[in-house]
Amino acid sequence: MNLKITDSWRNLLQTEFEEPYFEELISYVKEEYAKNKCYPGPDQIFEAFNLCSFEDLKVVIIGQDPYHGEGQAHGLCFSVNDGILHPPSLKNIFNEIESDLSIPYPKSGNLERWAKQGVLLLNATLTVKSQNAGSHQNKGWEQFTDAVISIISEEKEHVVFLLWGGYAKKKGKKIDQKKHFLLTCGHPSPLSANRGHWFGNKHFSKTNNYLKNNGLSVIKW
C-alpha cells in the first residue's frame, strides 16, 4: 500500500507521521483495504495534499468523509471523478457558484481544477469502507486532520477557510481568526440547503474578494 504524499507536506507533517496514533491508524487502514473494498484508491488517500502544495495553498474546504459509492471518491472532498453523476451536495455547491458568480453549471464534478489553484479539499476522515458511511471515523484521521489545520493556521497567513455544517465548524477552533478568514454556513446537503442554510451564502465571491484584497490571485471556480 503506497501512502504517498508530496515533500512540501511530508516535511511539515513528519512528526505527526511518527506519532503512535498515526502508526496505529495506518495499520488499521491497511488491514481494512486488504479485507474490504474501501475508498478512495490507496494511491489517492493523500490526493488533496498532492494536488495542492503547501506553498500554493490559499483556501481550505473541509468535508466529513469520502463518498462511499463505486467510482465516486478520488481523495478530494465533495469532488467526484469525471463522468460520475454529481452527488446532491456537489450540485448545490455548483448551483450556488452559478448564482453567486454567474458561472455556468459545469459538466464535470471533478474539482482537481480547484486543487491546482491552491484549494485544499480536505475531508476530516480520509478513508471509508464501501457503502458504509462514516465507517473509518474515530480511528485517528480526525486527530491527523486537526493537526493539518493547526499547522496551516500557524505557518500561513490570509488563508480562507470554508466551514460548511456543524462538523466542519468544529474545526474552526484550530484556526487563528486574526490571521485568516473564516466563512461558515449550513452544509450544502439537501437537508440543510433546503432549510435555507446554504443558498445565498456568496462564499465564492467573498473568498475571491478577500484574496484580491490581500494581493493573492483569485480562484477560477
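Reading the values: rules and limits
Residues take numbers from 1 onward in each chain, read along the sequence in its written order. Given that the model is predicted, a residue must reach a pLDDT of at least 70 before its local features are reported, and side-chain atom pairs must reach 80 or more before they are shown or counted; all residues, however, enter totals for whole chains, interfaces and linings. The side-chain numbers reported here are obtained from all heavy atoms of the structure, hydrogens and water having been left aside. Only strands that DSSP links by at least two bridges are regarded as paired with each other. Strands are runs of DSSP state E lasting at least two residues, helices are runs of H or I lasting at least four, and both sets are numbered from the N terminus onward. Every angle, taken between N-to-C directions, lies between 0 and 180 degrees, and every axis is a line fitted to C-alpha atoms, over only the stretch in contact when it is a helix. Nonpolar side chains (Val, Leu, Ile, Met, Phe, Trp, Tyr) are joined into patches within 5 Å and like charges within 9 Å, using only residues with over 30% relative accessible area and no salt bridge. Only the protein chains shown count as cover for residues, with accessible areas throughout obtained via the Shrake-Rupley method and a probe of 1.4 Å. Think of a salt bridge as a Lys or Arg side-chain nitrogen and an Asp or Glu carboxyl oxygen that are within 4 Å of each other. Under the counting rule used here, the positive set is Lys and Arg, the negative set is Asp and Glu, and His together with the chain ends is not counted. Charge coordinates come from a single atom per side chain, which is NZ of Lys, CZ of Arg, CG of Asp or CD of Glu. Any residue under 20% of the maximum accessible area for its type is buried, any over 50% is exposed, and the rest in between are partly exposed; the area is computed with a 1.4 Å probe on protein chains only. Should any heavy atoms of two residues lie within 4.5 Å, those residues are considered in contact. Here the word oblique covers every angle except those under 35 degrees (roughly parallel), over 145 (roughly antiparallel) and from 65 to 115 (roughly perpendicular). In this scheme the handedness of a crossing depends on how the near helix is turned from the far one: anticlockwise by less than a right angle means left-handed, clockwise means right-handed. Residues were grouped as follows: Ala, Val, Leu, Ile, Met, Phe, Trp, Tyr, Cys and Pro as nonpolar; Asp, Glu, Lys and Arg as charged; and all remaining residues, including Gly, as polar. Helices are assigned an expected span. That span is 1.5 Å times one less than the residue count. Paired rings are identified among Phe, Tyr and Trp, the last through its six-membered ring, by centres lying within 6.5 Å, and are further divided according to the angle between planes into stacked (under 30 degrees), edge-to-face (over 60) and tilted (the rest). Whether a charge lies above a ring is judged from NZ of Lys or CZ of Arg, which has to be within 6 Å of the ring centre and within 35 degrees of the ring normal.

### Digging into the sheet that holds strand E6 (residues 181-185)
Reasoning step 1: What the four strands build is an open sheet, ordered E3-E2-E5-E6; its pairing is parallel. Only two strands of the sheet have a single partner each, and these edge strands are strand E3 (119-123) and E6. For this sheet the average axis-to-axis angle between neighbouring strands, irrespective of direction, equals 20°.
Reasoning step 2: In terms of strand pairing, strand E5 (residues 160-164) meets E6 through five bridges, oriented parallel. Across the sheet, residue Trp-164 finds its bridge partner in E6, namely Cys-185.

### Overview of a negative patch on the surface
Reasoning step 1: Negative charge collects at one region of the surface, where Glu-18, Glu-19, Glu-23 and Glu-24 lie side by side.
Reasoning step 2: Mapping Glu-18 onto the fold places it in the loop between helix H1 (7-17) and helix H2 (20-35).

### Considering the environment of Lys-171
Reasoning step 1: Here Lys-171 shows up in the loop between helix H7 (166-170) and E6.
Reasoning step 2: Residue Lys-171 is classed as buried on the basis of its relative accessible area of 6%.
Reasoning step 3: Non-local contacts of Lys-171, meaning those with residues more than four positions away in its chain, are made with Ile-62, Ala-124, Glu-142, Thr-145, Asp-146 and Ile-149.

### Structural notes on the packing of H2 against helix H6 (residues 141-155)
A packed helix pair is summarised by two numbers, namely the angle formed by the two axes and the spacing between the axes.
Reasoning step 1: Running from N to C, H2 and H6 cross one another at 125°; their axes reach a closest spacing of 9 Å. Regarding the angle of H2 to H6, the classification is oblique. The crossing of H2 and H6 is left-handed. Each of Tyr-21, Phe-22, Leu-25, Ile-26 and Val-29 in H2 lies in contact with H6, whose residues at this interface are Trp-141, Gln-143 and Phe-144.
Reasoning step 2: In terms of residue class, the contact of H2 with H6 is built from seven nonpolar, one polar and no charged.

### Focus: the packing of helix H4 (residues 88-101) against helix H9 (residues 203-213)
Reasoning step 1: Between H4 and H9, whose axes approach to 8 Å, the crossing angle comes to 60°. Judged by the angle between their axes, H4 and H9 are oblique. Contacts between H4 and H9 involve Ile-93, Glu-96, Ile-97, Asp-100 and Leu-101 from the former and His-203, Phe-204 and Ser-205 from the latter.
Reasoning step 2: Among the residues making up the contact of H4 with H9, the classes are represented as four nonpolar, two polar and two charged.

### Some remarks on the side chain of Ser-192
Reasoning step 1: Structurally, Ser-192 is set in helix H8 (residues 190-197).
Reasoning step 2: Sequence-distant contacts of Ser-192, that is, excluding residues within four places in its chain, are made with Gly-186, His-187, His-197 and Trp-198.

### Focus on H6
Reasoning step 1: For H6, with 15 residues, the first-to-last C-alpha span of 21 Å sits near the 21 Å given by 1.5 Å per residue.
Reasoning step 2: Counting buried positions over the 15 residues of H6 gives 11, a clear majority of the element.

### Notes on the pattern of salt bridges
Reasoning step 1: Per the stated rule, a full pass over the model turns up four salt bridges.
Reasoning step 2: The salt bridge involving Glu-70 is made with Lys-37; its shortest N-O contact spans 3.3 Å. Here Glu-70 is found in the loop between strand E2 (59-63) and H4, whereas its partner Lys-37 is found in the loop between H2 and strand E1 (38-39), with 33 residues between them in sequence.
Reasoning step 3: Its salt-bridge partner being Asp-146, residue Lys-171 comes within 2.6 Å of it at the nearest N-O pair. Within this pair, whereas Lys-171 is found in the loop between H7 and E6, its partner Asp-146 is found in helix H6, the two being separated by 25 residues in sequence.

### Digging into the packing of aromatic side chains
Reasoning step 1: Summed over all chains, the structure comprises 21 aromatic pairs.
Reasoning step 2: Their ring planes at 50° and their centres at 5.0 Å tell us that Phe-17 and Phe-22 sit as a pair that is tilted.
Reasoning step 3: According to the relative accessible area criterion, Phe-17 is buried, its value standing at 12%.
Reasoning step 4: According to the relative accessible area criterion, Phe-22 is buried, its value standing at 6%.
Reasoning step 5: Between Phe-78 and Trp-164, the ring centres sit 5.6 Å apart and the planes meet at 55°, which makes this aromatic pair tilted. Taken together, the residues span a long stretch of sequence, with Phe-78 in the loop between E2 and H4 and Trp-164 in strand E5 at a distance of 86 residues. With respect to class, Phe-78 is no different from Trp-164; both count as buried.
Reasoning step 6: One aromatic cluster is present, built from ring pairs that chain together Trp-9, Phe-17, Tyr-21, Phe-22, Phe-46, Phe-49, Phe-54, Trp-141 and Phe-144.
Reasoning step 7: For Lys-156, the ring lying beneath its charged end belongs to Phe-54, and the centroid distance is 5.1 Å.

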